[in-house]
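What follows is the residue order along each chain.
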Amino acid sequence: MKEKLYTIVIKLGTSSLCDEKTYESRIANMSLIVETVVKLRRDGHRVIIVSSGGIAVGLKRMKLARRPKHLSSVQAVAAIGQARLIGLWDDLFRQLEQPIAQILLTRNDIADRTQYLNAANTMNSLLNMGVVPIVNENDTLSVSEIRFGDNDTLSGITAGMVNADYLFLMTDVDCLYTDNPRVNPDATPILIVDNIAKLRVDVSSAGSNVGTGGMTTKLIAAELATSAGVTTIICKSSVPGNIHAIVRYLQTHEDPVPTPANLKDGDDENDEITSVSLENDPEAQERELEQLARLEVPPFTRFLRKDPIKDREFWILHGVASHGSLYIDHGAYRAITRSNKAGLLPVGVIEVRGHFHTLECVEIYVAQRDKTTGKLDESVEPLRIGGALVNYSSTEIGLIMGQQSSLIEETLGFADSEYIAYRDNMAFYKGKKAHEVLPATEIRELERGITNL
Ligand SMILES: Nc1ncnc2c1ncn2[C@@H]1O[C@H](COP(=O)(O)OP(=O)(O)O)[C@@H](O)[C@H]1O
Ligand SMILES: N[C@@H](CCC(=O)OP(=O)(O)O)C(=O)O
């Protein structure tokens, strides 16, 4: 039988590439990674590496004991370190005649849809040429507004951009645990995760000295990659050969066909009571552990992919930096999320925050409208449900919100559109269902088809 060939993104954290205390490059480990990647390439897989370590390598080069305080100095260190890091990768891959390419990204580079598609096309061209692209954040140029912030998130976005099959988040622990295994010896591993929202884990404690974000950013990356149809794996980087063993295991152990993520969980109000979700089922986890042990595959955590959202939706949610937020009422929420979704009208907007221009991206929150004042009811926590590219600026939306669209021209002196955002310019996170957002009475009203909430 012909073996399946995959597009695989491998993310290597600083702790995998540099010593936590001395920042010395871990050359032996990098060599093993190179051997593994070349083996995967020879098997016919397409591989992208997302490599951290630029700043740590720069610190070592300049004999600095810790990160400088000023941004410009950190950016200078990153420029020094990145050159050395890519040089080191090239030296190692060259030994096995594997060409590589460097791709440094900031959010700005993918904020424009055409540029995003260009970046994806370039990565695909490199993969088709048999090259291993090595991606990092362009730390030398990125300031807070255009930063991805951490390479876990960048690797999730990269995996979504190239429609990867697998994202490997390599780190210094072998699995996601119920608690940080470095501090809690009773923490138990979680091998399969079907619904990240239902995970009962403590990821609050910090990671390694040199890492950014610990486990929290890995869960964020897993959430965004799985929503794009990418199965995400956490495994230990100190034995890179494990990637090869895991890929072979996955070739023969197909995951179940993904359930459309927006139909999962929460559709049934009693879901929590009637069923134990996979991630919280110790027997299912135990069975997987036994199966891996029987097949001599090292333990690893696997976040099952979802039915992928559309590429444009993925870009709106994760590619474009958000410049503000819109708080919408329940009626608007219902209209823009129903199956034949509508555009967002000004009448459903309760509040606007931030400063943004036309066609910039904003976050959308569903919130409670105070019945007497018509303003945002601060006593009810709003829920972030997605993002939108808007047709009006923050100032203009501030003037027209709550109004019928027929009044836009009178209020602003012009009316570019009756909608604040067109339906194709909005995207929603998967799994955010009405029951998470609306009080039970209002769900019942919605179910009875009452629209004038
Ligand atoms: N629930 C958890 N399960 C596993 N690891 C956890 C958990 N909570 C916190 N951690 C910490 O996260 C660390 C990995 O994150 P980080 O140091 O940022 O790695 P990297 O540099 O590889 O991105 C682990 O070493 C561990 O100490
Ligand atoms: N872009 C930075 C790494 C940022 C980052 O996310 O680090 P890590 O948590 O170690 O993956 C660098 O090259 O130093």
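Scope of this entry: the structure provided in the associated data block. (Residues numbered from 1 in each chain as written. Chains lettered and ligands numbered in written order. Predicted model: local features only at pLDDT ≥ 70, side-chain atom pairs only at ≥ 80, totals over all residues. Heavy atoms only, no water.)

1. Here we look at the overall build of the chain
Reasoning step 1: Within the chain, the regular secondary structure consists of 17 helices and 15 strands.
Reasoning step 2: The buried share among the 453 residues of the chain stands at 51%.
Reasoning step 3: Considering only contacts in the chain between residues 6 or more positions apart, those separated by 24 or more positions represent 77%.
Reasoning step 4: When the accessible surface of the chain is summed, it comes to about 21400 Å², and 50% of that surface belongs to carbon and sulfur atoms. (Helix = DSSP H or I, 4+ residues; strand = E, 2+ residues; numbered from the N terminus. Buried < 20%, exposed > 50% of the residue type's maximum accessible area, 1.4 Å probe, protein only. Contact = heavy atoms within 4.5 Å. Areas by Shrake-Rupley, 256 points an atom, 1.4 Å probe, with all protein chains shown as cover.)

2. A short note on the pairing of strand E1 (residues 7-12)
Reasoning step 1: Within E1, 6 of the 6 residues are buried, which leaves the element mostly enclosed by the surrounding structure.
Reasoning step 2: Covered by surrounding structure in E1 are Thr7, Val9 and Lys11 together with Ile8, Ile10 and Leu12, the residues of both alternating faces.
Reasoning step 3: In this structure, E1 lies alongside strand E2 (residues 46-51), joined through 6 bridges in parallel fashion. The residue of E2 that forms the bridge with Ile10 is Ile49.
Reasoning step 4: Inspection of the sheet shows E1 paired to strand E5 (residues 166-171) by 5 bridges, in the parallel sense. Each bridged residue has a counterpart across the sheet, and for Val9 the counterpart in E5 is Leu167. (Pairing = 2+ DSSP bridges.)

3. A word on the environment of Tyr419
Reasoning step 1: Positionally, Tyr419 belongs in the loop between helix H15 (408-412) and strand E15 (426-428).
Reasoning step 2: Once the C-alpha coordinates of Tyr419 and Phe300 are considered, the two residues, 119 residues apart in sequence, prove to be 47 Å apart.
Reasoning step 3: Beyond its immediate sequence surroundings of up to four residues, Tyr419 is in contact with Gly343, Leu344, Leu345, Asn391 and Tyr392.

4. Description of the pairing of E2
Reasoning step 1: In terms of burial, E2 is a largely internal element, 5 of the 6 residues being buried.
Reasoning step 2: Taken together, the 2 bridges between E2 and strand E4 (residues 132-137) define a ladder with parallel strand orientation. Within E4, the residue paired with Ile49 across the bridge is Ile134.

5. Quick notes on the packing of helix H3 (residues 54-61) against helix H4 (residues 71-95)
Reasoning step 1: Following both chains from N to C, one finds H3 and H4 inclined at 95°, their axes separated by 6 Å at the closest point. Between H3 and H4, the crossing angle belongs to the class labelled roughly perpendicular. In this structure, H3 uses Gly54, Ile55, Val57, Gly58, Leu59 and Arg61 to contact H4, whose residues at the interface are Val74, Val77, Ala78, Ile80, Gly81, Gln82, Arg84 and Leu85.
Reasoning step 2: In terms of residue class, the contact of H3 with H4 is built from 8 nonpolar, 4 polar and 2 charged. (Axes fitted to C-alpha atoms, helices over the stretch in contact; angles between N-to-C directions. Parallel < 35°, antiparallel > 145°, perpendicular 65-115°, else oblique. Nonpolar A, V, L, I, M, F, W, Y, C, P; charged D, E, K, R; others polar.)

6. With respect to the sheet that holds E1
Reasoning step 1: Reading across the sheet, the 8 strands line up as E3-E4-E2-E1-E5-E9-E10-E8 and stay open at both edges, with mixed pairing between neighbours. Since the sheet does not close on itself, it has two edges, and those belong to strand E3 (100-105) and strand E8 (192-193), each with one partner.
Reasoning step 2: Seen against the sheet, helix H6 (residues 113-128) touches E1, E2, E3 and E4 and runs at an angle of roughly 125° to E2.

7. Side note on the environment of Ala164
Reasoning step 1: Its location among the elements puts Ala164 in the loop between helix H7 (151-161) and E5.
Reasoning step 2: Owing to a relative accessible area of 4%, Ala164 belongs among the buried residues under this scheme.
Reasoning step 3: Along the chain, Ala164 and His45 lie 119 residues apart, while their C-alpha atoms are 11 Å from each other.

8. Section: the sheet that holds strand E11 (residues 322-328)
Reasoning step 1: What the 5 strands build is an open sheet, ordered E12-E11-E13-E14-E15; its pairing is mixed. If you trace the sheet from one side to the other, it starts and ends with strand E12 (349-354) and E15, each paired once. Averaged over all pairs of adjacent strands, the angle between strand axes in this sheet comes to 25°, irrespective of strand direction.
Reasoning step 2: Of the strand pairs in this sheet, strand E13 (residues 361-366) and strand E14 (residues 383-389) are connected by 6 bridges, and their pairing is antiparallel. Along E14, the bridge assignment pairs Ile364 with Gly386.

9. Looking at unusual backbone geometry
Reasoning step 1: In this structure, Asn163 takes a positive phi of about 50° despite not being glycine.
Reasoning step 2: By relative accessible area, Asn163 is classed as exposed at 55%.
Reasoning step 3: The backbone of Leu359 shows a phi angle near 70°, a positive value even though the residue is not glycine.
Reasoning step 4: Of note, Leu359 is situated in the loop between E12 and E13.

10. Observations regarding the packing of aromatic side chains
Reasoning step 1: Under the counting rule described, the total for this entry stands at 7 aromatic pairs.
Reasoning step 2: Centre to centre, the rings of Tyr249 and Phe300 are 6.2 Å apart; their planes meet at 80°, and the pair counts as edge-to-face. On the criterion of sequence distance, the pair formed by Tyr249 in helix H9 (residues 241-252) and Phe300 in the loop between helix H11 (282-294) and strand E10 (301-303) is long-range, its members being 51 residues apart. Phe300 shares its class with Tyr249; the two are buried.
Reasoning step 3: With a centroid separation of 6.2 Å and 35° between ring planes, the pair formed by Tyr392 and Phe414 is classed as tilted. Of this pair, Tyr392 sits in the loop between E14 and helix H14 (394-400) while Phe414 sits in the loop between H15 and E15; the two residues are 22 residues apart in sequence, bridging distant segments of the chain. (Phe/Tyr/Trp six-rings, centres within 6.5 Å; stacked < 30°, edge-to-face > 60°.)

11. So, the pattern of salt bridges
Charged atoms that come close allow side chains of opposite charge to pair.
Reasoning step 1: Under the criterion given, the structure shown has 13 salt bridges.
Reasoning step 2: Two residues, Lys218 and Asp152, come together in a salt bridge whose shortest N-O distance is 3.1 Å. Taken as a pair, Lys218 in helix H8 (residues 214-227) and Asp152 in helix H7 lie far apart in primary sequence, 66 residues in all.
Reasoning step 3: A relative accessible area of 1% means that Asp152 is categorised as buried.
Reasoning step 4: Notably, a salt bridge pairs Glu351 with Arg353, separated by 2.8 Å at the nearest N-O pair.
Reasoning step 5: A cluster of three or more residues bridged by salt bridges with shared partners is formed by Lys11, Asp152 and Lys218. (Salt bridge = Lys/Arg side-chain N within 4 Å of Asp/Glu carboxyl O.)

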